[in-house]
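Next come the chains, spelled out residue by residue.
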Amino acid sequence: NQSCPDYSNEQLRMISEHPCYDPKAQHKFGRMHLAVAPKCNIQCKYCIRDNDCVNECRPGVTSKVLTPQEALEKTRQVLEEHPFIKVIAIAGPGDPLANDETFETFKLIKEEFPNVIICMSTNGLALPDRIDDMLDAGVQTLTVTVNAVDPEIQRQICDRVVYNGKLYKGKEAAELLINNQLEGIKRAIEAGIVIKINTVLVPDVNDDHVVDIAKKMNELGVFIMNIMPLIPQAEYAEWRVPTEEERKAAQASCEPFVSQMRHCRQCRSDAYGLLGEDLSQMSEERRNMVKM
Ligand code: SF4
Ligand code: SF4
């Protein structure tokens with residue numbers, strides 16, 4: 001009973017080659033994250049800004065920020081060694097839409113590697129304003145982190161956003177973020193971008209609410225939902241991490257509305273290789289062993 005749009009053959013091919021969108025693809029095809037986007041335009045209460053964006057990526061080690069030219073050179077080198085990598089993504093360390101380098105990088109890559117899948121993740125605040133730029137840059141698959149569709153819940157997770165140069169706080173900030181996410185997702189889907197959402201499961205804050213998120217995403221035509229456990233940091237440093245059972249229960253409650261991703265590895269924003277096998281963290285020797 002999902003209201004996913006009818007996908008074109010091209011979209012179905014992308015889905016089948018994207019290791020995060022299709023669990024069957026995770027053992028065959030890889031992805032590479034390029035850390036070119038350090039700035040962020042919101043403040044999630046569980047985020048230490050010096051680390052990678054925890055909406056998409058594992059925190060703890062800050063990725064080295066690359067220039068667009070360095071990112072192109074890294075792509076050349078990695079794709080030559082590992083042609084099984086099909087997806088080139090920008091996921092941080094901040095919000096890709098808050099950094100013009102994201103678009104410059106994708107343009108350089110698309111010119112030289114027209115067959116890779118261009119993927120991005122975002123908190124969605126700037127999404128309605130940047131759809132055209134994203135299409136120009138060739139973005140085909142997009143992850144938006146949606147932690148709430150109710151501003152009273154969202155404000156407990158994020159209550160500060162900077163939009164068009166103005167700081168918004170409290171419920172007003174939460175409302176703005178939600179409205180832009182929903183509008184942005186709707187327009188991205190209309191433009192042919194295939195959407196995944198990430199939802200950070202925060203016990204006693206949005207755990208009873210995830211099913212409302214899934215229902216809304218069903219209405220919009222989101223392809224897949226990835227419920228991720230809270231990583232306790234910053235204002236949430238002392239918070240409880242959801243148990244495996246709680247996460248499974250949340251996924252089960254959402255499954256009737258949006259397909260669930262259950263194989264996320266919470267990658268760093270500079271990870272590359274197969275999902276379970278981050279080559280950026282491997283020794284030279286081991287990297288050569290897995291060369292394909
Ligand atoms: Fe941190 Fe990512 Fe939230 Fe920005 S969007 S505050 S980088 S978790
Ligand atoms: Fe895929 Fe999850 Fe890694 Fe993102 S963090 S690339 S969704 S496995």
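What counts as what
- Residues numbered from 1 in each chain as written.
- Chains lettered and ligands numbered in written order.
- Predicted model: local features only at pLDDT ≥ 70, side-chain atom pairs only at ≥ 80, totals over all residues.
- UniProt positions renumbered as here; feature names shortened; annotations may be inferred.
- Core = buried A, V, L, I, M, F, W, Y, C linked by C-beta atoms within 7 Å.
- Buried ≥ 20, exposed ≤ 12 C-beta atoms within 10 Å, placed from the backbone.
- Helix = DSSP H or I, 4+ residues; strand = E, 2+ residues; numbered from the N terminus.
- Contact = placed C-beta atoms within 7 Å.
- Near = placed C-beta within 6 Å.
- Nonpolar A, V, L, I, M, F, W, Y, C, P; charged D, E, K, R; others polar.

Per an unreviewed UniProt entry, the protein chain carries the name FeMo cofactor biosynthesis protein NifB and comes from Methanohalobium evestigatum. Check the Cofactor (unreviewed entry) section of the UniProt entry for the protein chain; it says "[4Fe-4S] cluster". Within the UniProt record for the protein chain, the comment given under Sequence similarities (unreviewed entry) is "Belongs to the radical SAM superfamily. NifB family."

Peer 1: Could you give an account of the nonpolar core, with specific residues and numbers?
Peer 2: Counting 83 residues, the largest nonpolar core has Ile 88, Ile 195, Met 217, Val 222 and Met 225 as its most contacted members. It is helix H6 (residues 170-190) that provides the largest number of residues to this core, a total of 7 residues. If near-sequence neighbours (up to four positions away) are discounted, Ile 88 is found in contact with Met 32, Leu 34, Thr 75, Ile 109, Val 116, Ile 118 and Cys 119.

Peer 1: How would you explain the site of ligand 1 if you had to name every residue and give the values?
Peer 2: The full set of residues close to ligand 1 is Cys 40, Ile 42, Gln 43, Cys 44, Cys 47, Cys 53, Val 54, Asn 55, Gly 94, Asp 95 and Asn 123. In the shell around ligand 1, the residues fall into 6 nonpolar, 4 polar and 1 charged.

Peer 1: Tell me what's going on with the environment of Asp 129, and back it up with residues and numbers.
Peer 2: With respect to the helices, strands and loops of the structure, Asp 129 is situated in helix H4 (residues 127-136). Taking the C-beta count within 10 Å as the criterion, Asp 129 has 14 such neighbours and is therefore assigned partly exposed. Taking C-alpha positions, Asp 129 is 8.0 Å from Gly 184, a pair spaced 55 residues apart along the chain.

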